[in-house]
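The primary structure of each chain is shown beneath.
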Amino acid sequence: MKAILLMGPTASGKTALACALADRFPVEIVSVDSAQVFRDMDIGTAKPDAATLARYPHRLIDLISPEERYSAARFRADALAAMAEITAAGRVPLLVGGTMLYFKALRDGLADLPDADPELRGRIDAEAELLGWPALHQELAIFDPETAARLAPNDSQRIQRALEVVRLTGKPLGEYFAAHKSEPLPYQLLPLALMPSDRAVLHERIARRFGEMLDAGLVMEVECLRARYKLNADLPSMRCVGYRQVWEVLEGLLPADELRDRGIFATRQLAKRQITWLRSMSDLVTLDPLDPSATERAIDVVREFLQVA
């Protein structure tokens, strides 16, 4: 059995390339995006529009409400189920997205971490509200310096989980990962990575796309979400890049005239983290999306991998 992984930073052209591959080969697209799993979050997640989805159906989008949480473990289970269905139908899974943690979970399996403790999480959130996430990041650096070094001081979701594990067990996350035995997928994989050769051009794309999101009604989208669902700033849905900045504007925590710049900066930081993940991964076939021949090269690579004419 074969499967294709198509990874890359935000705004690098993954969806367009996936659609081009779907025009040429018997593939079916599976989204690998931790933001596109949320229903009614369309503009800020750059979710494919209705016309694109009608022509190129995507699995694993619009799965849950913005009030819910979605984990890497659930993604792995959902992705494996989708891949099995696609393969059984005689087609090839094409997994496309920028959530590198999900790709890692899919390829390597997950460490046996302790279950979440809602009471402890509540205490950590209360501390963060009082002291700020950078202060908790400093605490994490004392007890789990390796994990802290990988996380930004305001990466609330991952700081919370790492501190939770340390406080529950007295062990850093690295001990669990070291004890974890890889669970190889029952698929022959072709890992493709879009790696822009010019970071400045990627930044221009990010700025342009975030401006288009604002023009398309991103602020109104968040206002509608707040009216329809019971949301708070600590939910994963509202921590997504773009949504967090709009939330802060609506709460009066960020001047409206700073929204565009803050959103662009946050998206650039996301792209930087995605590129760092990709550089740490082995056996990638890299493509430069700024090269006019990138699509044809990708088609050639996939054709050889699938051994089709």
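Please read all numbers here as calculations on a predicted model, not as lab measurements. (Residues numbered from 1 in each chain as written. Predicted model: local features only at pLDDT ≥ 70, side-chain atom pairs only at ≥ 80, totals over all residues. Heavy atoms only, no water.)

Looking at the nonpolar core
M7, F75, L95, L106, Y243 and L278 are the most contacted members of the largest nonpolar core, which totals 54 residues. Secondary structure elements with two or more residues in this core: β1 (2–7), β2 (27–32), α3 (72–88), α4 (100–108), α10 (199–216), α11 (218–228), α13 (243–250) and α14 (259–280). No other element matches α3, which puts six residues into this core. Dropping the residues within four chain positions of it, L278 is found in contact with M7, G8, P9, M100, A193, L194, M195 and L284. Core analysis: the next-biggest nonpolar cluster, separate from the first, contains 23 residues, V92, L190, I299 and V301 among them. (Core = buried A, V, L, I, M, F, W, Y, C linked by side-chain atoms within 4.5 Å. Buried < 20%, exposed > 50% of the residue type's maximum accessible area, 1.4 Å probe, protein only. Helix = DSSP H or I, 4+ residues; strand = E, 2+ residues; numbered from the N terminus. Contact = heavy atoms within 4.5 Å.)

A few points about the packing of helix α5 (residues 118–131) against helix α6 (residues 133–143)
For the pair α5 and α6, the least separation of the axes is 7 Å and the interaxial angle reads 120°. For the element pair α5 / α6, the angle class is oblique. Residue-level contacts link I124, D125, E127, A128 and L131 of α5 to W133, A135, L136 and E139 of α6. Here the residues of the contact of α5 with α6 are counted per class, giving six nonpolar, no polar and three charged. (Axes fitted to C-alpha atoms, helices over the stretch in contact; angles between N-to-C directions. Parallel < 35°, antiparallel > 145°, perpendicular 65-115°, else oblique. Nonpolar A, V, L, I, M, F, W, Y, C, P; charged D, E, K, R; others polar.)

Description of the pattern of salt bridges
Applying the stated criterion to the full structure yields 19 salt bridges. Residue E127 is joined to R167 by a salt bridge in which the shortest nitrogen-to-oxygen separation is 2.9 Å. Residue E127 is located in helix α5, and its partner R167 is located in helix α8 (residues 156–169); the two are separated by 40 residues in the primary sequence. Exposure remark for R167: the relative accessible area of 30% places this residue in the partly exposed category. (Salt bridge = Lys/Arg side-chain N within 4 Å of Asp/Glu carboxyl O.)

Here we look at the pairing of strand β4 (residues 92–97)
Judged by how many residues are buried, β4 sits mostly within the fold: six of six residues are covered. By the alternation rule, side chains of β4 split into V92, L94 and V96 and P93, L95 and G97, which are all buried. Here β1 pairs with β4 via four bridges, running parallel. Paired with M7 across the bridge in β4 is G97. Looking at chain direction, β2 and β4 are connected through six bridges and run parallel. Bridge pairing links E28 to P93 in β4. (Pairing = 2+ DSSP bridges.)

Digging into the sheet that holds β2
Spatial strand order, β3-β2-β4-β1-β5-β6: six strands in an open sheet with parallel pairing. Edge positions in the open sheet fall to β3 (58–59) and β6 (285–287), since each of these has one partner strand only. Two strands pair when backbone bridges link them, and strand β5 (residues 188–194) and β6 are joined in this way by three bridges, in the parallel orientation. Its bridge partner being in β6, L192 is matched across the sheet by V285. Across the sheet, helix α1 (residues 14–24) lies against β1, β2, β4, β5 and β6, angled at about 165° from β4, the strand it touches most. On top of the sheet, helix α15 (residues 294–306) reaches β1, β4, β5 and β6; it is set at about 175° to β5, its chief contact.

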